[in-house]
Structures are given as C-alpha cells and as structure tokens.
Amino acid sequence: MEIPSVYLERTVEQFASLPGIGRKTAMRLVLHLLRRERQDVEAFANTLNELVQNVRYCVDCHNISDEERCSICSNPSRDHTTICVVENVQDVMAIEATQQYRGVYHVLGGIISPMDGIGPQDLEILSLVERAREPEVQEIILALSPTMEGDTTCFYIYRRLADADVRVTTLARGVAQNDQLQYTDEVTLGRSIVDRRPFKGT
Ligand SMILES: [Zn+2]
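Cut-off values and rules
Residues numbered from 1 in each chain as written. Predicted model: local features only at pLDDT ≥ 70, side-chain atom pairs only at ≥ 80, totals over all residues. Heavy atoms only, no water. Donors = N, O, S within 2.8 Å, 3.2 Å for Na, K, Ca; no water. Tetrahedral: all angles 85-135°; square planar, octahedral: opposite > 155°, others 65-115°. Helix = DSSP H or I, 4+ residues; strand = E, 2+ residues; numbered from the N terminus. Buried < 20%, exposed > 50% of the residue type's maximum accessible area, 1.4 Å probe, protein only. Expected span 1.5 Å × (residues − 1). Arc of directions from axis to C-beta. Contact = heavy atoms within 4.5 Å. Core = buried A, V, L, I, M, F, W, Y, C linked by side-chain atoms within 4.5 Å. Domains from an automatic or database assignment. Pairing = 2+ DSSP bridges. Right-handed = clockwise from strand over helix to strand, strands pointing away. Polar contact = N/O pair within 3.5 Å; in protein donor to acceptor, adjacent residues only side chain to side chain. Salt bridge = Lys/Arg side-chain N within 4 Å of Asp/Glu carboxyl O.

With respect to the coordination of the zinc ion
Logical step 1: Distances from the zinc ion to its protein donors, Cys-58 (SG), Cys-61 (SG), Cys-70 (SG) and Cys-73 (SG), fall within 2.3 to 2.4 Å.
Logical step 2: Coordination geometry of the zinc ion: the four donor atoms subtend angles of 104 to 117° at the metal centre, consistent with an arrangement described as tetrahedral.
Logical step 3: One chain supplies every donor for the zinc ion, spaced along it as C-x2-C-x8-C-x2-C. Highlighted residues: Cys-58 in the loop between strand E1 (56-57) and strand E2 (64-65) and Cys-73 in the loop between E2 and strand E3 (79-86), separated in sequence by 15 residues. Each of the two residues, Cys-58 as well as Cys-73, counts as buried.

Right, here's the structure in full:
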C-alpha cells in the first residue's frame, strides 16, 4: 500500500504496533483521527503524554498509581495482614470488581515462563518475600491463573516463602483450569477468593 505522507505512515506504524491492531485497522483509526476536530486530536495526544509522564507504580504492591502509594495500600480500612499475589494490574481490577476482598495486593508484573525467557528475577518476587517477613503479614494468597506457568510460579513462590511465618493459600478452583483470571466472571472469582484454601506445595 502506497502511503502519500511520511507522517501518516509513521502514525500508522505506531498504531499497528499495538496488540491486535493490523495495518488496515491502524490506517482506519488514523484516518478517523484526522477527520476529527484538531483540538480533539491534540487532547488525545496530550492524554498519552500525561500518562507516560505521570503514571507510577506503587512502592509497596507495584499496582499502577498516581501517587507513591496506591489507593489500596494507603487505605487504612484495608486489611494489611493479607496480601493477594496477582500476575498483573488487570487482575487487581478483576478482584476489586468482585467486592469480596478487603486485603492488599502484590503485583508480580508477569509470570514465570521459560518459553518467553521470563524467570523469577524478572518479576517482583524478591520484594514479595521481603513483604512476607513483615510482622503484620499473616496470609499470602496466591491468585494466579490456573495454567502451567501459573502453577510453576505459585510453587516457586511457595518455596521462597518457606521460612516466612505466613499462611499460604490459593484460590478455590471455581476458576476453570487454563482460564485467565481477568476473564473469569465476577461471581466465580469472588467465590474463589472467599473459599480460598491452603496451598499444597507438592
Ligand atoms: Zn499499592
């Protein structure tokens, strides 16, 4: 496809670099933006700039935050004795949507996956082990997707927590095998976190 403008070409390339967006869709989106009011498009670009300049990660749980500490960690009415370990920020949102959990979180930033070259050192596991040693922490809930990579990651964390004085639990298996947590319906996910059970490390 011959593109008559280098600016158009560059923008299409940026959109096409997003997951699930092919070149045709990218072109349609960019042409749509060009037809909108100039100030709308500038606001769109400014929002992206503000996002990358201002968004941060919570120093305690690594959830996305506008402040040094996220709104969950800095909320005194949350139960800081219980830490729910999740793969990513979307999983925090999914569990929050169930309104069944009052503890705090720890976002790993991924999952152990040798196929993708992701090892324990690429994830926030060390910081979790350090948090688990804090005297107030009593329970660590391993809320990872029930896939092979999720199970591997749970087992690795379980072993790393062996000398920490905490109870390690995992979700009840209302979450179907191989389902991604963020796509599980709220009722099932809510029940799974309420009915959590001890993690068996064998
Ligand atoms: Zn936090």
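Points about helix H6 (residues 148-160)
Logical step 1: When the terminal C-alpha atoms of H6 are compared, their 19 Å separation across 13 residues agrees well with the 18 Å that a helix rising 1.5 Å per residue should span.
Logical step 2: All buried positions along H6 are accounted for by Gly-150, Thr-153, Cys-154 and Ile-157. Taken down its axis, H6 places every buried residue within 100° of arc, on the same side. When the buried face of H6 is taken as reference, the exposed residues oriented beyond 90 degrees from it are Met-148 and Arg-159.
Logical step 3: In this fold, the buried residues of H6 make contact with E3, helix H5 (126-132) and strand E5 (139-142).

Comments concerning the nonpolar core
Logical step 1: One finds Cys-84, Val-86, Ile-95, Tyr-105, Ile-140, Leu-142 and Ile-157 to be the most contacted residues of the largest nonpolar core, which totals 41 residues.
Logical step 2: Listed by contribution, the elements that provide at least two residues to this core are E3, helix H4 (89-98), strand E4 (103-107), H5, E5, H6 and helix H7 (186-194).
Logical step 3: Residues within four places of Ile-140 in sequence aside, it is in contact with Ile-83, Val-85, Leu-128, Ala-132, Leu-161, Val-166, Arg-167, Val-168 and Thr-169.
Logical step 4: Of all hydrophobic cores here, the second largest spans eight residues; its members include Ile-3, Leu-8, Val-30 and Leu-33.

Considerations on the domain arrangement of the protein
Logical step 1: Split into domains, the protein comes out as domain 1 (6-54) and domain 2 (79-198).
Logical step 2: Computed over C-alpha atoms only, the centres of domain 1 and domain 2 are separated by 35 Å.

Let's talk about the pairing of E4
Logical step 1: In terms of burial, E4 is a largely internal element, five of the five residues being buried.
Logical step 2: The sheet contact formed by E3 and E4 spans five bridges and is parallel. By the bridge assignment, Val-86 is partnered in E4 with Val-107.
Logical step 3: The β-α-β motif built from E3, the intervening H4 and the parallel element E4 has right-handed crossover chirality.

Quick word on the side chain of Thr-169
Logical step 1: Examined against the element boundaries, Thr-169 turns out to sit in strand E6 (residues 167-170).
Logical step 2: Within the structure, the side chain of Thr-169 is placed 2.7 Å from the side chain of Glu-139, a separation counted as a polar contact.
Logical step 3: Other than its neighbours up to four places away in sequence, Thr-169 contacts Glu-139, Ile-140, Ile-141, Leu-142, Arg-196, Arg-197, Pro-198 and Phe-199.

Considering the environment of Gln-182
Logical step 1: On the secondary structure map, Gln-182 appears in the loop between E6 and H7.
Logical step 2: For Gln-182, a relative accessible area of 23% corresponds to the partly exposed category.
Logical step 3: It is 6.2 Å that separates the C-alpha atoms of Gln-182 and Gln-90, two residues lying 92 residues apart in sequence.

With respect to the pattern of salt bridges
Logical step 1: Within this structure, the stated rule accounts for six salt bridges.
Logical step 2: When the shortest N-O distance is used, the salt bridge between Glu-139 and Arg-167 registers 3.1 Å. Of this pair, Glu-139 sits in strand E5 while Arg-167 sits in strand E6; the two residues are 28 residues apart in sequence, bridging distant segments of the chain.
Logical step 3: Given a relative accessible area of 48%, Arg-167 falls into the partly exposed group.
Logical step 4: Taken together, the salt bridges that share partners define one network made up of Glu-139, Arg-167 and Arg-196.

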